[in-house]
Amino acid sequence: LLWAWWSGIRFCRLLKDLPTLPIQGIFIGLVETTGRVRCDRPLEAGISGTRCVHHAWSVSEHWRRTETYRDKDGKTRTRTVTGSDTVASGGASINFTLVDDDGAIGVRVPGADWRPITTVSTTVSRGDPLYHTKAPGTVVSGSTGLRTFLEQAVPLGVPLYVVGTATLAEEGTTLELHRDLAEDDLLILSTADERSVTRGRFA
């Protein structure tokens, strides 16, 4: 617990000490900046079809089952338990360009810590057309006939708070942001602002 607390303190201090730079002011090294997401060939989110650069979705089926157990006196009893199982899921991420009023910079996303927005969060019954979308026709044992659809994404045009390592791109003439895996560095791509990111560290 002490290590987790100290790690969180160091993380928040790092973000506080990093100045938020305009894209044209970015230099080589660890930087903090903001901008909007642009991509010429975006992805489509798995459930909503939202044009985006990152998405993750899942479908969970709810169930109710009766189970047998022994009480403290050794007597056999039954009880009803409820829960849900993930029956389908997916997602993807692609590189993109971050832009502000005066500049643009490429972002390579492998290893990124994504902080997306929720684009779908709903629970529907078998009579809803969405119920059969993305999920198998078979049901889990004890299904209640309810499925929860959850999707999170980073859509085109959304404001993004970014912390990452700036280096020269392969062509050697422009900078790009990425995560330096060899240095165990950061690449935070967040639809929330810095305050929300640091507050979430201790949530």
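Scroll up to find the structure.
Rules used in this analysis
Sequence order sets the numbering: in each chain, residues are counted from 1 along the sequence as written. In view of the model being predicted, local features appear only for residues whose pLDDT reaches at least 70, and side-chain atom pairs are presented and counted only at 80 or more, with totals across whole chains, interfaces and linings using the full set of residues. Note that the side-chain values use all heavy atoms of the structure and ignore hydrogens as well as water. One speaks of a salt bridge when a side-chain nitrogen belonging to Lys or Arg is within 4 Å of a carboxyl oxygen belonging to Asp or Glu. Secondary structure elements are defined from DSSP: runs of H or I of at least 4 residues count as helices, runs of E of at least 2 residues count as strands, and each element is numbered from the N terminus. For the exposure calls, accessible area comes from a 1.4 Å probe over protein chains only, and a residue counts as buried if that area is under 20% of its type's maximum, exposed if over 50%, partly exposed in between. Here the rule is simple: two strands pair whenever DSSP picks up at least two bridges between them.

J.: Is there a simple way to think about the pattern of salt bridges in this case?
T.: Two side chains bearing opposite charge may form a pair once their charged atoms approach each other closely. In this structure the tally under the stated criterion is 6 salt bridges. Glu61 serves as the salt-bridge partner of Arg147, at 3.1 Å between the closest nitrogen and oxygen. Here the residue Arg147 occupies a position in strand 10 (residues 143-155), and Glu61 occupies one in strand 4 (residues 51-70), the gap between them amounting to 86 residues. Since its relative accessible area comes to 0%, Glu61 is described here as buried. A salt bridge links Arg115 to Asp113, with the nearest nitrogen and oxygen atoms 2.7 Å apart. Judged by its relative accessible area of 25%, Arg115 is partly exposed.

J.: Can you help me understand the pairing of strand 10 in this one?
T.: Within a regular beta strand, the side chains point alternately toward one face of the sheet and then the other, so they alternate between its two faces. Pairing of strand 4 with strand 10 involves 10 bridges; the strand directions are antiparallel. Within the sheet, the bridge partner assigned to Ser58 lies in strand 10 and is Leu150. Relative to strand 10, strand 9 (residues 117-125) runs antiparallel, the two being bridged by 8 bridges. Bridge pairing in strand 10 links Ser121 to Leu150.

None of the figures reported here should be taken as evidence of function without further support.
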